[in-house]
There are 2 protein chains.
Amino acid sequence: MRLSRSELRRQQRRLARVRLGLRGAAAAEPVAPAADGPKVSPLAPPGGFPDLPPVKGVRLATINSGIRYKGRDDVMLAVLPPDTAMAGVTTRSSTRAAPVLDCEDKLAMAVEPGAPAAIIVNAGNANAFTGRNGQEAVDHVTSAVAAVTGVPKSRVFSSSTGVIGQPLPWERIAAALSSLTASLEDSAFGHAARAIMTTDTFPKGAGASVEIGGETVAIAGIAKGSGMIAPDMGTMLVYIFTDARIGRDLLQRTVSELTDRSFNCITVDGDTSTSDTLLVAATGQAGPDIAEGSEAATAFAEALGTVMTDLALQVVRDGEGATKLLEIRVTGAVSAEDARKVALAIANSPLVKTAVAGEDPNWGRVVMAVGKSGAVADRDLLSIWFGPHVVAENGWVSPEYREEIGAAYMKRAELELRVDLGIGHGHATVWTCDLTHDYIRINADYRS
Amino acid sequence: MRLSRSELRRQQRRLARVRLGLRGAAAAEPVAPAADGPKVSPLAPPGGFPDLPPVKGVRLATINSGIRYKGRDDVMLAVLPPDTAMAGVTTRSSTRAAPVLDCEDKLAMAVEPGAPAAIIVNAGNANAFTGRNGQEAVDHVTSAVAAVTGVPKSRVFSSSTGVIGQPLPWERIAAALSSLTASLEDSAFGHAARAIMTTDTFPKGAGASVEIGGETVAIAGIAKGSGMIAPDMGTMLVYIFTDARIGRDLLQRTVSELTDRSFNCITVDGDTSTSDTLLVAATGQAGPDIAEGSEAATAFAEALGTVMTDLALQVVRDGEGATKLLEIRVTGAVSAEDARKVALAIANSPLVKTAVAGEDPNWGRVVMAVGKSGAVADRDLLSIWFGPHVVAENGWVSPEYREEIGAAYMKRAELELRVDLGIGHGHATVWTCDLTHDYIRINADYRS
């Protein structure tokens, strides 16, 4: 796992007890990109899919159900043991898809918490904007999973990703379920990560192990997402599994807080999906009970946060057409909310993103984005750094700055941009990628 | 003047008394694009710069002061007679440029309203983010104009557009002032429109004449702008002249209201300039007094609104890399504000804009944009039309719709997209253009 960004480094230093899953040649489950698939993003973490720790109680299977893709699996099934605590976060879109609404209901109601649980995901069809038909398809799929696995329907969570506006051929998923169930394997994360891909150029995984009360607790997560969210192609889906013993309420609060510092801090194009779903399943098969406010809760949250931030960054690294990863850190705002406004205004500005693509140290566009953000700012207190180089201060270009310094820095693949507003203590960090010809090519040149 | 959009047609029908300036072969002041300049936008209004009506009391001159460009004028001076009422609207950016702040002060204080007035504009340098030096440059320029023209400094308004972060070479403007003043000509709008261009591919003008109390009142406006706002290249500047006799307060209120329905309804890339400035000068040399609430006030506002909307659309038509003009009309929202939120979410979505560029009738991306807008929406009440074709209704694709219908419609250069939310009476219209390879090329491939 390569976490070069400063926020992550700080997080890692606090996290001495956590052994991070290693991305490397020793990966147990190498997942090669399809020979005919798109070129792997230049920002993909080196070394392929990481070697994730086994998570007790988690069984996974994948299959090609024939929904849309040929020659690759397109359905993933996870079966989780009794007493698994389920938590999750979904898109705030007002046009969210049928499986998202179904997940929300099931997370909120938490019926039969002592029963086993299951997650069924398909790629190739998002079952979004499909009217009543969409809800019926979710009912059919989750009923079929319940029938085959013995998991109560109220504990079967589903996601769909792919084209929108087309009825989900749920019969194909149903027909594949007995083969799927027969092939369940412990902790088969690599194949699962690959089965949920749509326009992704590499499968995304991250893991951590953390010592709690002398026992090792494992966390392993997979994600998909490429356009921050291309609704016709899909969206961001994330599934994280842990064998930690943690109650549903504490797990949900922890996941919600960490989401605000990870997945809610990334943007590729500012477009929000109709299908974004993050589910976290804690099987409770390792370590002691994690009590609210305990040292164990802190250690667990830190490890989970590292996995979530890593997965979030992998989504940005696979941003459509991305050639640069940009960390934007805003300090000195009147509030954290204002800092976040400024950071997102910069991250979503087409002019900033095209400047980054062109390796142009165009700090004027950063000034513009600060100005349009709606946050409290005083032009004459503003300072801007590209990496370690101060570019602007006191409302004008820094006397130390020379264009060659910025131009040389911009050639890097991973860039840090810092803006200090000089008026308060609010701060925020977001991550984005550049806006390139390939983004246009992917989204405009070919009919979806 | 070609106003094909439906909103404008409605406005025009109400406006029987107004004779619109004709764009055509008879244009008195043809302004050819520079031979070495960028290719003229395919969306440019046909027939070249329009034949604008003379406006009594307005004298204009342009010159090449050598700030940045060779072989073209880069400074415009307008001198206006005593008692000219000045009104204006400026950018809300918190990092706005020195001349913008100076204009705001002068508009607000309205010192010596009976004196003559002047507007001085340069292209090539935006005098933005230039610290105290920027304010000093504005002082030097406006003092020099005051000295040469006899206009009090408190009535000299200035704008600058071009690169940011570089000190404005104000001495070059000062040195050109006596030649400029010597060459003032009545109503020389075409040359003025050309002198304020930066990345624009065509000069922008619009005019109208309106009968008020049996007399003809003229309105003529010029504008520049190409990226909705590329802050390093400039921004949007608009100067409108009329010989109507109208008080400053009524003029300001009228201009502010009309700006919300014209210039505040366009977007190219959602990026807001540090320099946007609209100034309206009413010389008071034609027609009777226009009193608040009178029929004359309505007639004048309608004519002025037509000119402003026309100029606003010309800015979109010259959007960087634009090949399609898109009118987005949102109806059935709970409020006008919500309708505007939805319309702007669609207009600023990179996925919608790339779909339009690719002639892809991708209504799923429109659903996504509605969902992310933050406006109140019910997926199952949503309807979408591409031009006259209903695409989606009741939360799903319309049974009448076939992909070929949408694909054929998307081939047009000017597109109408309508979204009805089905829950209220709020409505809004905005205009935008597509997002193409040329936008990336203009903003990423070349260093500015």
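See the structure printed just above.
Just so it is clear, the model here is predicted, and its values are computed rather than measured.

**Side note on the overall build of chain A**
- Of the regular secondary structure elements, chain A holds twelve helices and 18 strands.
- Evaluated residue by residue, chain A yields a buried proportion of 63% over its 448 residues.
- Nonlocal contacts in chain A, meaning residues at least 24 apart in sequence, comprise 81% of its contacts between residues at least 6 apart.
- Summed over all atoms, the accessible surface of chain A reaches about 15500 Å², with 52% contributed by carbon and sulfur.

**Points about the environment of Tyr-439 of chain A**
- Looking at where Tyr-439 of chain A falls in the secondary structure, it is placed in helix α12 (residues 437-445).
- We classify Tyr-439 of chain A as buried; its relative accessible area is 2%.
- Separated by 83 residues in the primary sequence, Tyr-439 of chain A and Val-356 of chain A place their C-alpha atoms 14 Å from one another.
- The residues contacting Tyr-439 of chain A, other than those within four sequence positions of it, are Asp-269, Glu-320 and Gly-321 of chain A together with Pro-350, Leu-351 and Thr-354 of chain B.

**Overview of the packing of helix α9 (residues 350-357) of chain B against helix α10 (residues 363-372) of chain B**
All names here are of chain B.
- At their nearest, the axes of α9 and α10 sit 9 Å apart, and the two run at 160° to each other. As judged from the angle between their axes, α9 and α10 are roughly antiparallel. As α9 runs across α10, the sense of the crossing is left-handed. When α9 is examined against α10, the residues Leu-351, Val-352, Thr-354 and Ala-355 are found in contact with a partner set consisting of Arg-365, Val-366, Met-368 and Ala-369.
- Grouping the constituent residues of the contact of α9 with α10 by class yields six nonpolar, one polar and one charged.

**With respect to the packing of aromatic side chains**
- On inspection of all chains with the given rule, the structure shows four aromatic pairs over all chains.
- Geometrically, the ring pair formed by Phe-129 of chain A and Trp-363 of chain B is tilted, given 5.5 Å between the ring centres and 55° between the ring planes. Remark: Trp-363 of chain B occurs in helix α10 and Phe-129 of chain A occurs in the loop between β5 (117-125) and α3 (131-149); the pair is interchain, linking two chains.

Cut-offs applied
- Residues numbered from 1 in each chain as written.
- Chains lettered and ligands numbered in written order.
- Predicted model: local features only at pLDDT ≥ 70, side-chain atom pairs only at ≥ 80, totals over all residues.
- Heavy atoms only, no water.
- Helix = DSSP H or I, 4+ residues; strand = E, 2+ residues; numbered from the N terminus.
- Buried < 20%, exposed > 50% of the residue type's maximum accessible area, 1.4 Å probe, protein only.
- Contact = heavy atoms within 4.5 Å.
- Areas by Shrake-Rupley, 256 points an atom, 1.4 Å probe, with all protein chains shown as cover.
- Axes fitted to C-alpha atoms, helices over the stretch in contact; angles between N-to-C directions.
- Parallel < 35°, antiparallel > 145°, perpendicular 65-115°, else oblique.
- Left-handed = near helix turned anticlockwise from the far one by under 90°.
- Nonpolar A, V, L, I, M, F, W, Y, C, P; charged D, E, K, R; others polar.
- Phe/Tyr/Trp six-rings, centres within 6.5 Å; stacked < 30°, edge-to-face > 60°.

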